[in-house]
Amino acid sequence: NENFYAKSSLGLLATLSGGKPISKRSAPHDILSWPLESGKEWNTTYILERPEEKSSQKFDLRMMVTGIEEVKVPAGTFEAFKSEVYSNFNGKLLSEHWYSPKVRWFIRSKTYLMDGVREEDLISYKID
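Residues numbered from 1 in each chain as written. Predicted model: local features only at pLDDT ≥ 70, side-chain atom pairs only at ≥ 80, totals over all residues. Heavy atoms only, no water.

Student: Explain unusual backbone geometry here, please?
Tutor: Working note: non-glycine residues mostly have negative phi, and peptide bonds are mostly trans. In this structure, proline 35 follows tryptophan 34 across a cis peptide bond, with omega equal to -10°. Relative to the assigned elements, proline 35 resides in the loop between strand 3 (20-29) and strand 4 (41-50). Notably, leucine 10 is not glycine yet its phi reads approximately 65°, a positive angle. Structurally, leucine 10 is set in the loop between strand 1 (2-5) and strand 2 (12-17). The phi torsion at arginine 104 lies on the positive side, around 65°, for a residue other than glycine. Note on placement: arginine 104 falls in the loop between strand 7 (93-100) and strand 8 (105-113). The class of arginine 104 is partly exposed, set by a relative accessible area of 48%. (Helix = DSSP H or I, 4+ residues; strand = E, 2+ residues; numbered from the N terminus. Buried < 20%, exposed > 50% of the residue type's maximum accessible area, 1.4 Å probe, protein only.)

Structure representation (structure tokens):
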């Protein structure tokens, strides 16, 4: 898959698979809000469209930076801001993300799905 992000916020805008859109958002899914600092909270609302399924769903989310943690992943050990994403509809924790200023990206993410947890760890990186 190819993911497309907003340059200003790094918020996810759309995902393509084989050149075809599988999802797009009416506004970025802003997991980060600058400047990052412990205790910061913000909200984001968008409509997620899935063209192949001819469906759409409204998301109203609350994000918060819960702290700074040292996180070990295959790419190394990094200081990272941990953010959590909650549904404003039911208060449920939807995902957790660890953003490393050194890498300038997420080094770990956990997404809580109906059928389990999707975990992603950074394997390697290169800064230009």
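After that view of the structure, there is still more to cover.
Student: Would you mind going over the side chain of threonine 44 with me for this structure?
Tutor: Mapping threonine 44 onto the fold places it in strand 4. Assessed through its relative accessible area of 9%, threonine 44 is described here as buried.

Student: I would appreciate a short explanation of the pattern of salt bridges in the present structure.
Tutor: Any two side chains of opposite charge can pair, on the condition that their charged atoms come close. Counted according to the given criterion, the structure contains five salt bridges. Across the salt bridge formed by arginine 62 and glutamate 41, the nearest N and O atoms sit 3.8 Å from each other. Here glutamate 41 lies in strand 4 and arginine 62 lies in strand 5 (residues 55-73), a separation of 21 residues in the sequence. Judged by its relative accessible area of 25%, arginine 62 is partly exposed. We note a salt bridge from arginine 118 to glutamate 120, for which the minimum N-O separation is 3.7 Å. Residue glutamate 120 is classed as partly exposed on the basis of its relative accessible area, which comes to 42%. When salt bridges with common partners are traced through the structure, they connect Lys82, Glu84 and Glu96 into a single cluster. (Salt bridge = Lys/Arg side-chain N within 4 Å of Asp/Glu carboxyl O.)

Student: Is there a simple way to think about the packing of aromatic side chains in this case?
Tutor: To describe a pair of aromatic rings, you give the distance between the ring centres and the angle between the ring planes. All told, the structure shown has six aromatic pairs when counted by the stated rule. With a centroid separation of 6.0 Å and an interplanar angle of 80°, the aromatic rings of tyrosine 99 and phenylalanine 106 are classed as edge-to-face. Phenylalanine 106 matches tyrosine 99 in its accessibility class, with the two residues each being buried. In textbook terms, an aromatic cluster arises when at least three aromatic residues are bridged by ring pairs, as seen for Tyr5, Trp34, Tyr99, Trp105 and Phe106. In this structure, arginine 62 packs its charged tip against the face of tyrosine 86, placed 4.9 Å from the ring centre. (Phe/Tyr/Trp six-rings, centres within 6.5 Å; stacked < 30°, edge-to-face > 60°. Lys NZ or Arg CZ within 6 Å of the ring centre and 35° of its normal.)

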